[in-house]
Each structure stands twice: as structure tokens, then as C-alpha cells.
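Read off the chains here:
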Amino acid sequence: MKFEILNLVLVATLASTTVAAPSAADQEAKKRAQAIAQLVKKNNQAVATLRRSVEATWNWHNAKKAKDFGMVSSNVTEILRLISLKEGAADCMTRGDVLALKAKAYAEPLNLRLYAEAKAAYEEAVKAQEDVDRKAKVAFAAAKYRFLAGQDPVEACEKAMVAAYNTPGLNPATKLALLKDGVPGLDYRVEGRKVAEASKDQKILNTYYQREAKGPSWDDRKVRDPLDPNYCADGMFRTCEEAIAKLEPKYRDWFENRKLELLKEMSRWDEVEKALQGRLAAITNVTDRRRVQIYGQLAEMYVTRSARYYQKPDEALTRKAIGFWEEGLKLDPKNGGFFRKIIERAMLIDDWKLAEAKLDALTTIMKDQKPDAWMTAVYGDIAYYRGDYEKAVAWYKTFEKFPDAPTVVKIPNSHQRFAGALYATGRYEECLKAIDQCPNFWSFKDTNAQYRKILKAKIEEARK
């Protein structure tokens, strides 16, 4: 009796948990949805290709070529068709975007014979915009084009640009972008700071300060004076500190990192190390993998400090860098980047034993547990420097092509050492071929010609 009841309970449980198989209609609907998604993707790719062709007409390298307006018109028409399909329509551009693209194609580079077409295209593009920010940007671009063309009164053009900037409900990020483009009568540095500080969005403030702290760039030459003390390392450092004081903690990381870079530029190494060690101490769990990045930063700091002009890097500082990478490997034992950095530094201070040990360790974590071309070149150099030319040749020949191993002075390089090892082991014909892969510029041309002459004589003598 109990057995029968148990069976009934199991049957009831299974029945209650059984999920009905999807119906044919459901399966068909799913397939259709997938097909439409693929069609949208395909049409988006087509739109991107057509858009790039139009954009290329105002690139600097095409600026002197006659513009193919037939192609522009055809591409614009096709894009409008693709975004208007009843099924599978491309969704990467709006109608307003397409018309703005067309207007810019007429407007850039400036050609007064096309002024009427460009002006009309911009007016159409402005009307087609549905988004407030996008409408303001296109209206600003249209007014600026009219100003540059010089066919309309300057006051009217400037008034239109200011009106676009003062569009109600404009996103602060858009206002900053328009300011950067040059709103008549407004100082970017002054007005930009007001906009950023008035915004409740901390990301906007972050973006603003980031631009200020980076200093002058190609785009900002018209509003930045590179001789202004605010844009020297000290000035930008102060800007970072100001930003950190104003921002919420979650937005301070970029500025903290920027401060470190500026401290490095000013060679204030003790402060850099103190800051990094402070970050390390803040991560109390010694097994936390976040410590790996800080170990890497400390190592790179010592690498920078160890550099010596046309000489081997300072060994004591280099070994400190290696020590921090070693600490990182304890937490991240498969960090190939750290292994390679240790190998590189070991080679630069002639520590062949350490370099070989790390090459062996790196091999064990490789996908096929075999050294790659760079590693075999390093193995070859180690053997060469030890005077084991047979072993060096074997390593160099592992790959038909290999990059140069790390050295302080780039020449002689691994390919020249390969040729030297071949010569030392009496492989003159192979050495003659290897010369073709050696540097062949300046005086090396004459040197290689002399080597070829010697090798051919050796080969001829061996044949007698």
C-alpha cells in the first residue's frame, strides 16, 4: 500500500514539473524573430559601408579631389530606404542623421559654388531632428557653415550659434561640446567651468576636469596657451587635486591615477612609491588579485628610474622591479606579461640564469607548452652569450622567422648573432643565407658585402 502511494506521489510530482514542449507556432515565431534580427544586422552593415563612403568625401586626403555627388546622392537615398523598411530596417541611423550626413558632404570642404545646396541640406536636416541635443548640434553646424561661407551677415550667423547653445533642456555634455567648437562671445574655459559645476551629473564634471587636467591637445590649441602655468605639470597637478576635492569618491580614480603620472613627470619618485604602497596597504587581503595591478605599477616605476642612456639599466633598481613582478606572479601565476617583463629585464642586466629560468616557467603556461618565436630568439641569445653556438643555432632555427630578443643597443641584433653562431659552427652556406636577414643600411651594407665575400671564399675552399 505504501509503495503504491509513493508511486502516485512521484507520478503527480513529475506531472506537475513537466514543461510543455514549444508549439510549432512558437518555434516558427522564434525562427522568424531570429531571421529579422539577422536582417537588421545585415542592413546595419550595409548602412555603415554606405555612410563611410560619404564620410570619405570630406577626409583631408580626398579634399582636393572632385567630389562624386552622384555617389553621395545615391548612398543617401539607399540609406534612407534601408532605415525605412517595414521589416528588418536598419536601426543604426535616424532620418535626421542621414540628412545631416548629406549636408556635411555638401559643406565640407568649403565650396561656395555649392553654398545653396549645402544651406538647403542643413535646413532639411535640422527639421528632421527629433532629439533636442542632436537638433542643437546640427543647427549649430549649419550656422557655423554659414559663418565660414561668408554669404550671410555675420551677426545673424553668430546669433544662430548662440541660440543653438541656449536651446532649453540641452544636456550639459552637449553644451560643453558646442563650447569647445566655439560659441561666439563665450570663453570656453570660463563658461565651460560654469556649465560643468552647475551640472548635477558628476560624470559631466569628471569629463570637464579630465579635459583640463590633460593639458593642451591638437583640438584645444585655439583655447589653450601652452605657456600658461596652469598647463605645466604643477598646474595640472593642482587641477587634479581640485577635482578630487570636489568630486564624490567614486569619480576620483582617474584623477588619482593622473596625479601619479604627473608626479612621475616631475620625478617625485618618493611620492609615487608612497602613493602606490598606500593603495597596496588599503587592500588588506594579501590574496586579493587587485594587488597584482599595483605590483605592476611599482615595477614599471622602478623600470623608469633604472633607465640609463645607451647603457645597461641600473641593476639595483631593475632587481626591485623584478621583485614586484615576482610578487604579482604569486597571485597570478599565469600572467604571461609579467613573465616576459622579467625575462626582458634579466636580459638587459645580463642575468642569463634568471632569464632562462623564467623562459622555462613561461613555457609551462603556454597553450601548447612550447616556446613561441620570441622566446626561442631569447633562448638563442642566451646560448650565444654563453658561447654555446651549437645550441644557439638550434634555438634560432626553431622558427623560420623570429623577432629580436631584448637588448640595450638594438644592433647587433638576434639575426646577426644567428649568423655569427652559424659561422662559428662552420655552417658557411647557411650563414650566407642568414646574412640576408641582417640589418642592411648605412655601413652595414658594406659590412654585409665583406661578410659575403669571406663566406663565398670559405665555401669555395671547402669544395676543393
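The text that follows walks through the structure, step by step, so that each part is easy to find. Bear in mind that the values here come from a model prediction, so they are computed numbers and not experimental data. (Residues numbered from 1 in each chain as written. Predicted model: local features only at pLDDT ≥ 70, side-chain atom pairs only at ≥ 80, totals over all residues. Heavy atoms only, no water.)

### Things to note about the packing of helix 15 (residues 315–331) against helix 16 (residues 336–348)
Part 1 of the reasoning: Remark: helix 15 packs on helix 16, axes separated minimally by 10 Å, with the N-to-C direction vectors making an angle of 160 degrees. One way to sum up the angle between helix 15 and helix 16 is to call them roughly antiparallel. Here helix 15 and helix 16 pass one another in a crossing that is left-handed. From helix 15, Thr 318, Ile 322, Trp 325, Glu 326, Gly 328 and Leu 329 reach across to helix 16, where they touch Phe 338, Phe 339, Lys 341, Ile 342, Arg 345 and Ala 346.
Part 2 of the reasoning: Among the residues making up the contact of helix 15 with helix 16, the classes are represented as seven nonpolar, two polar and three charged. (Axes fitted to C-alpha atoms, helices over the stretch in contact; angles between N-to-C directions. Helix = DSSP H or I, 4+ residues; strand = E, 2+ residues; numbered from the N terminus. Parallel < 35°, antiparallel > 145°, perpendicular 65-115°, else oblique. Left-handed = near helix turned anticlockwise from the far one by under 90°. Contact = heavy atoms within 4.5 Å. Nonpolar A, V, L, I, M, F, W, Y, C, P; charged D, E, K, R; others polar.)

### Some thoughts on unusual backbone geometry
Part 1 of the reasoning: Residues Glu 108 and Pro 109 are joined by a peptide bond in cis, for which omega reads -10 degrees.
Part 2 of the reasoning: Residue Pro 412 follows Ile 411 across a cis peptide bond; omega there is 5 degrees.
Part 3 of the reasoning: Along the chain, Pro 412 turns up in the loop between helix 19 (389–396) and helix 20 (414–424).
Part 4 of the reasoning: A positive phi is found at Asp 350, a non-glycine position, where the angle reads about 60 degrees.
Part 5 of the reasoning: With respect to the helices, strands and loops of the structure, Asp 350 is situated in the loop between helix 16 and helix 17 (352–365).

### Some thoughts on the packing of helix 12 (residues 253–265) against helix 13 (residues 269–282)
Part 1 of the reasoning: The contact between helix 12 and helix 13 brings their axes to 8 Å, and the two run at 150 degrees. For the element pair helix 12 / helix 13, the angle class is roughly antiparallel. Between helix 12 and helix 13 the crossing geometry is left-handed. The residues of helix 13 that touch helix 12, namely those facing Glu 256, Asn 257, Leu 260, Leu 263 and Lys 264, are Trp 269, Glu 271, Val 272, Ala 275, Leu 276 and Arg 279.
Part 2 of the reasoning: Looking at the contact of helix 12 with helix 13, its residues break down into six nonpolar, one polar and four charged.

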